[in-house]
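Chain by chain, the residues run as shown.
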Amino acid sequence: MEEKHMQLISLLRQDKDQLWTEPFISDQQKIRELAQKYVSATEFTLEEVISTLESIRAERKDEGNKELKETAVASLELHLPKTAEIKKRKGQLKTKLDITTQELKRQISEEYGFKHFNLILTGKALSPGKRLDEQNVKNNSKIMVLVVSSEQEKTEMLKSEEKKRQQDEGFQRTQKGFQILSERDGSEDPTTTPFLEIADQKGNPLQIPDSERKALILAMGFHEKGRALMKKRNHSAALSHLQQADEQFNKCNSALLKTVDNYAVLQLDVVWCYQALQQLDCLNDARERLERAEDCFKRCYGEQQSRLQQIKGHTGGEDVLFLRLYLLQSLLAYHDGKKNQALNKLSKVEELYGQLCLDLDPEKMLQLKTLGFSEQEARLGLRACRGDVEAAERLITQRKKEKKREREKRRQRLQDINTLVELGFSKRDAARALHQSRGDVDKAYRVLLDSAEAQSSDTQTNLDQMLLDNQGVVPPDLLSPSPPSSSSEEPSTSYDSTASGSSRLDEELVNEALEDIPRHEEDYLDLTLDEEKQLMEQIRSSLEKQSSSSG
């Protein structure tokens, strides 16, 4: 074995081939081609050469990881531009990862003489002021050196900074908008904020503590905003919104998260962004998220979706979620080197995909659209009813009736709030009393009267006590006019331009936050499956290549 090692290492040095770099890392066929070349130069069999080359590659990789652990120095593989001075297209550079991109550029400039250039990692330019480890640069990362003109470099830097500034500003405005919404007490017109109602899978509103309600509204808002960005293929901005949603969901009682499937869908969306951004260093986190998603689906939907069938009367719509779950599980299994597991999951995906495509037969879609239904309604209806046109028509019609009834309930609630306001109570108190009396306006009125009488009695007691304390004289500070209470519903006689400006800004932020919120409650199930199909084909192709190279 030692002899094989020495002889093959000598041949590798001679040819200047490095097995621990590309193309040998991701393409097994390249190792096989190299092995076939070395069979004729040695007396070893093809299998012996392949085995020894694999062993050499593993050793060198371990050495690199050991060096990183002991010295915190990583080895980067640079893909260099071809110039008259530089003939080699690849180079190795050892560096710490806690330095900025700008510092790395300085090292590369000193080593290779480039003046103006960008550094590209998995298709994205590294930001000059950020540390390498913050941008997912790892030991053995492959970085492309892209030479640019000085003017181009300056322009690109300004563009990048402006884009980041706009993204940060947009994120902060979204956060503020949802914060305002989460603090509202339900006395505003509910028809303008349809997504704020937190319900179970039967559509029944969930009674939850106020603090958790705020966290849930923020979580759901950020999730929907992130999903809207995913549809625009802006996965980087989407991920920051989804991570914020995850943070808010984690503030909620775990029992509550078991009641709704939003949390499971969020886990899938985060991992989907990871794969779209090729953040394979997030594999461990992705694996844990997919496990959480699967557990959550089982709790919400029951084994074989039995609970879902019982609640909704159909289960076909949720198949798109399971397709995405199995697809991501297949991708992770492939990257973990678990070929059989990857193939099994992929087979499930392909089976589901075939069924979902069959459900959306163009002729069936046309039939439903001719009846006046939208494309989204037709697609969701057919998938829910597994391609049965008549059942889909009944389901969509039923949903429309339920929505109409819900709108009527909301209008009635708003009318009841206004009735109580006309009787002299504040909007906030009226909304709370109605909530407490489960929508019974007469009971709510009695609750408000009892509360007002109790408050009046407390006020009289406090006044009597104060007069006793002050020998029957009212203190001068109580005789001067005081500003109206912030909770007062009476209009102020003076015009407060600051308050008015603040109110206008609040409405602006709320409207921006609501811009991307879908009107259809099952929008999250309405996937076209174009991206999924592309990923399916990539995994299938990679697995077949792997099979042919090892066969």
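Residues numbered from 1 in each chain as written. Predicted model: local features only at pLDDT ≥ 70, side-chain atom pairs only at ≥ 80, totals over all residues. Heavy atoms only, no water.

A. The arrangement of the packing of helix α14 (residues 362–370) against helix α16 (residues 389–422) in detail. Taken N-terminus to C-terminus, the directions of α14 and α16 make an angle of 35 degrees; their axes are 11 Å apart at the nearest point. Considering the relative orientation of α14 and α16, their crossing is right-handed. On α16, the residues that touch K364, Q367 and L368 of α14 are V389, A392, E393 and I396. Classifying every residue of the contact of α14 with α16 by side-chain character gives four nonpolar, one polar and two charged. (Axes fitted to C-alpha atoms, helices over the stretch in contact; angles between N-to-C directions. Helix = DSSP H or I, 4+ residues; strand = E, 2+ residues; numbered from the N terminus. Left-handed = near helix turned anticlockwise from the far one by under 90°. Contact = heavy atoms within 4.5 Å. Nonpolar A, V, L, I, M, F, W, Y, C, P; charged D, E, K, R; others polar.)

B. Representation of the pairing of strand β1 (residues 73–79) within the structure. Burial within β1 is extensive, with six of its seven residues counted as buried. Where β1 and strand β2 (residues 90–96) come together, seven bridges link them in antiparallel fashion. The residue of β2 that forms the bridge with V73 is K96. Inspection of the sheet shows β1 paired to strand β5 (residues 142–147) by three bridges, in the parallel sense. Counterpart to E77 in the pairing with β5 is K142. (Buried < 20%, exposed > 50% of the residue type's maximum accessible area, 1.4 Å probe, protein only. Pairing = 2+ DSSP bridges.)

C. Geometry of the environment of E247. Along the chain, E247 turns up in helix α7 (residues 235–249). Classification of E247 as partly exposed rests on a relative accessible area of 45%. For the pair E247 and L218, spaced 29 residues apart in sequence, the C-alpha separation works out to 9.6 Å.

D. Structural view of the environment of L331. Here L331 shows up in helix α12 (residues 319–335). The exposure class assigned to L331 is buried, which follows from its relative accessible area of 10%. Put simply, L331 and Q275 are 56 residues apart on the chain and 8.7 Å apart in space, counted from C-alpha to C-alpha. Not counting residues up to four positions away in its chain, the partners in contact with L331 are Q275, L535 and I539.

E. Focus on the packing of aromatic side chains. Under the defined criterion, the tally for this structure stands at eight aromatic pairs. Aromatic pair F249 and Y263: ring centres 5.7 Å apart, planes at 70 degrees, arrangement edge-to-face. With a gap of 14 residues between them, F249 in helix α7 and Y263 in helix α9 (residues 262–276) connect regions that are remote in the sequence. The pair formed by F249 and Y263 is uniform in burial state, with each residue classed as buried. Look at F322 and Y326: their rings are 6.2 Å apart centre to centre, the planes differ by 45 degrees, and that puts the pair in the tilted class. Taken as a pair, F322 and Y326 lie in helix α12 at a separation of four residues, close to a single helical turn. A relative accessible area of 15% means that Y326 is categorised as buried. Site record: aromatic cluster; members linked through ring pairs are F297, Y301, F322 and Y326. Across from the ring centre of F117, 5.2 Å away, lies the NZ or CZ of K105, which sits over that ring. (Phe/Tyr/Trp six-rings, centres within 6.5 Å; stacked < 30°, edge-to-face > 60°. Lys NZ or Arg CZ within 6 Å of the ring centre and 35° of its normal.)

F. Broad picture of unusual backbone geometry. The residue N136 is not glycine, and still its phi comes out positive at about 65 degrees. Within the secondary structure, N136 sits in the loop between β4 (124–125) and β5.

G. Looking closely at the pattern of salt bridges. Counted according to the given criterion, the structure contains 19 salt bridges. Note that E103 and R106 form a salt bridge whose closest N and O atoms lie 2.5 Å from each other. Taken together, the residues span about one helical turn, with E103 and R106 both in helix α4 (residues 101–112) at a distance of three residues. R106 sits in the partly exposed class, given a relative accessible area of 39%. The partner of E532 in a salt bridge is R324, with the nearest N and O atoms 2.5 Å apart. With a gap of 208 residues between them, E532 in helix α21 (residues 530–550) and R324 in helix α12 connect regions that are remote in the sequence. (Salt bridge = Lys/Arg side-chain N within 4 Å of Asp/Glu carboxyl O.)

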